[in-house]
Amino acid sequence: MKSKSIFIVEGKEVTLTNTEKIYFPELGASKAELIEYYIRMADYILPYLKGRPFSMLHYPDGIYGKTFYQKQRPADAPKWLQSVSLASKDKTINWCLVNDLPSLIYMANRACIEMHAWFSRLPDEGQPDVAIFDLDPSGSTGYKEAAEAALLVKTALDAYGLTGIPKLSGKTGVHVVVPIEPVPFYKVRDFLKKICQHIENAQPALFTTERTIAKRKDRVYLDAVQNGRGKTLPSPYSVRAVPGANVSAPVTWKELANGISPQSLVMRSMEARIKTVGDLFAPVYTISQKLPKI
């Protein structure tokens, strides 16, 4: 029999179900613990999620169970859950919006362990306000090499007077988030591609812009193409569906250079970390940079 509880959060009725279910077996961490994490971290997570179409990635049986994406707003979603209808090729999708705490709790209760939102924000969904380098190890490469790639990205950004925020993916990759004045996606991709190509040309044995996985071999994939309408990466402070409940969290460039471990950024200690280092992602909301021509 399914357990069910109903709470009033910010004047909205929120239903929680099966909160005793274990999502992270190695930790013994339950769905309830995941929901509690998102409640405590809402002030740091919601500023990024607000106004961004949200893609639901479900893990109904925890990290080792089946998983599936859902873009369309669920038919049984509460009336208060905001959404936006956007045309996509030959169909229209009614995307959910995670604009407040009840919506964040709703998504966690739907087994969305990870939070995935667009790079663009309404009403300009076609113009992202962040440009993100997705540095993804393949073959025998790993986090160490991805961090090296991120530091080279920083060198390139410094040359153009741009600020980038490094964020660990929560697995083996690294994201470098560059806050920008909203521009069409193709302009963002063109800019990032050129920087990625420069890095690849400098060290072709270690870095590649090759999209075909089989051809990447033992190199870090420098992904600029991820910057596209409807595409997502784990949002800042999102838990990842991995055994240690790692978090996709921002770090300082010094921490990255010194080899901070992804396994040190986890759900159970993230709140304590923020109390110590602050919200390292906050500059994304105050800096607006114009992409230069290369």
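Structure's up top.
Cut-offs used in this document
- Residues numbered from 1 in each chain as written.
- Predicted model: local features only at pLDDT ≥ 70, side-chain atom pairs only at ≥ 80, totals over all residues.
- Heavy atoms only, no water.
- Helix = DSSP H or I, 4+ residues; strand = E, 2+ residues; numbered from the N terminus.
- Buried < 20%, exposed > 50% of the residue type's maximum accessible area, 1.4 Å probe, protein only.
- Contact = heavy atoms within 4.5 Å.
- Areas by Shrake-Rupley, 256 points an atom, 1.4 Å probe, with all protein chains shown as cover.
- Salt bridge = Lys/Arg side-chain N within 4 Å of Asp/Glu carboxyl O.
- Phe/Tyr/Trp six-rings, centres within 6.5 Å; stacked < 30°, edge-to-face > 60°.
- Lys NZ or Arg CZ within 6 Å of the ring centre and 35° of its normal.
- Pairing = 2+ DSSP bridges.
- Axes fitted to C-alpha atoms, helices over the stretch in contact; angles between N-to-C directions.

Visitor: For this particular structure, what's the right way to read the overall build of the chain?
Guide: Along the backbone of the chain there are eight helices and 17 strands. The dimensions of the chain, computed from C-alpha atoms along their principal axes, are 60 × 40 × 40 Å. Counting over 294 residues, the chain shows a buried share of 55%. Contacts spanning at least 24 positions in sequence make up 68% of the contacts within the chain whose residues lie at least 6 apart. Carbon and sulfur atoms form 52% of the exposed surface of the chain, whose accessible area is close to 13,200 Å².

Visitor: Just checking my understanding: could you explain the pattern of salt bridges for this structure?
Guide: Pairing between side chains becomes possible if they bear opposite charge and their charged atoms approach one another. In total, this model carries 11 salt bridges according to the counting rule given. One salt bridge in this structure joins Glu 255 and Arg 273, with 2.9 Å as the shortest N-O distance. Taken together, the residues Glu 255 in helix H7 (residues 253-257) and Arg 273 in helix H8 (residues 270-277) connect sequence positions 18 residues apart. By relative accessible area, Arg 273 is classed as buried at 15%.

Visitor: Looking at this structure, I do not really get the packing of aromatic side chains. What am I missing?
Guide: Given two aromatic rings, one states the distance between the centres and the angle between the planes to describe the pair. Here the structure, examined in full by the defined rule, presents seven aromatic pairs. When the ring of Phe 281 is compared with that of Tyr 285, the centres are 5.9 Å apart and the planes differ by 65°; the resulting orientation is edge-to-face. Judged by relative accessible area, Phe 281 falls into the buried class, the value being 1%. An aromatic cluster is defined as three or more aromatic residues linked by ring pairs; in this entry it consists of Tyr 48, Phe 281 and Tyr 285. Here the basic side chain of Arg 52 rests over the ring of Tyr 48, its NZ or CZ set 4.1 Å away from the ring centre. When the ring centre of Tyr 221 is taken as origin, the NZ or CZ atom of Arg 216, which lies over that ring, is 3.8 Å away.

Visitor: For this particular structure, what's the right way to read the environment of Ile 93?
Guide: You can see Ile 93 is positioned in strand S8 (residues 91-97). By relative accessible area, Ile 93 is classed as buried at 5%. Remark: the alpha-carbon pair of Ile 93 and Lys 71, spanning 22 residues in sequence, is separated by 7.0 Å. Apart from residues lying up to four places away in sequence, Ile 93 is in contact with Lys 71, Gln 72, Val 84, Ser 85, Leu 86 and Ser 88.

Visitor: Could you clarify how one ought to interpret the environment of Lys 290 in this entry?
Guide: Structurally, Lys 290 is set in the segment after H8. The spatial distance from the C-alpha of Lys 290 to the C-alpha of Pro 179 is 8.9 Å, given a sequence separation of 111 residues. Non-local contacts of Lys 290, meaning those with residues more than four positions away in its chain, are made with Leu 162 and Glu 181.

Visitor: Sorry if this is basic, but what is going on with the environment of His 58 here?
Guide: By the secondary structure assignment, His 58 is in strand S5 (residues 53-58). For His 58, a relative accessible area of 2% translates into the label buried. With 12 residues separating them in the primary sequence, His 58 and Gln 70 have C-alpha atoms 7.7 Å apart. Look past the residues within four positions of His 58 in its chain and what remains in contact with it is Lys 66, Thr 67, Phe 68, Gln 70, Arg 110, Ala 111 and Cys 112.

Visitor: What's the story with the pairing of strand S2 (residues 12-17) in this structure? I'm lost.
Guide: Where strand S1 (residues 4-9) and S2 come together, six bridges link them in antiparallel fashion. The residue bridging Phe 7 from the neighbouring strand is Val 14, located in S2. Between the antiparallel neighbours S1 and S2 lie two residues, among them Glu 10 with a positive phi of about 50°.

Visitor: What should I look at first to understand the sheet that holds strand S14 (residues 220-223) in this one?
Guide: Two orientations exist for strands paired in a sheet by backbone hydrogen bonds: parallel and antiparallel. What the five strands build is an open sheet, ordered S11-S12-S10-S14-S13; its pairing is mixed. If you trace the sheet from one side to the other, it starts and ends with strand S11 (165-168) and strand S13 (207-208), each paired once. Of the strands in this sheet, strand S10 (130-137), S13 and S14 touch helix H5 (residues 185-202), which is tilted by about 35° from S10.

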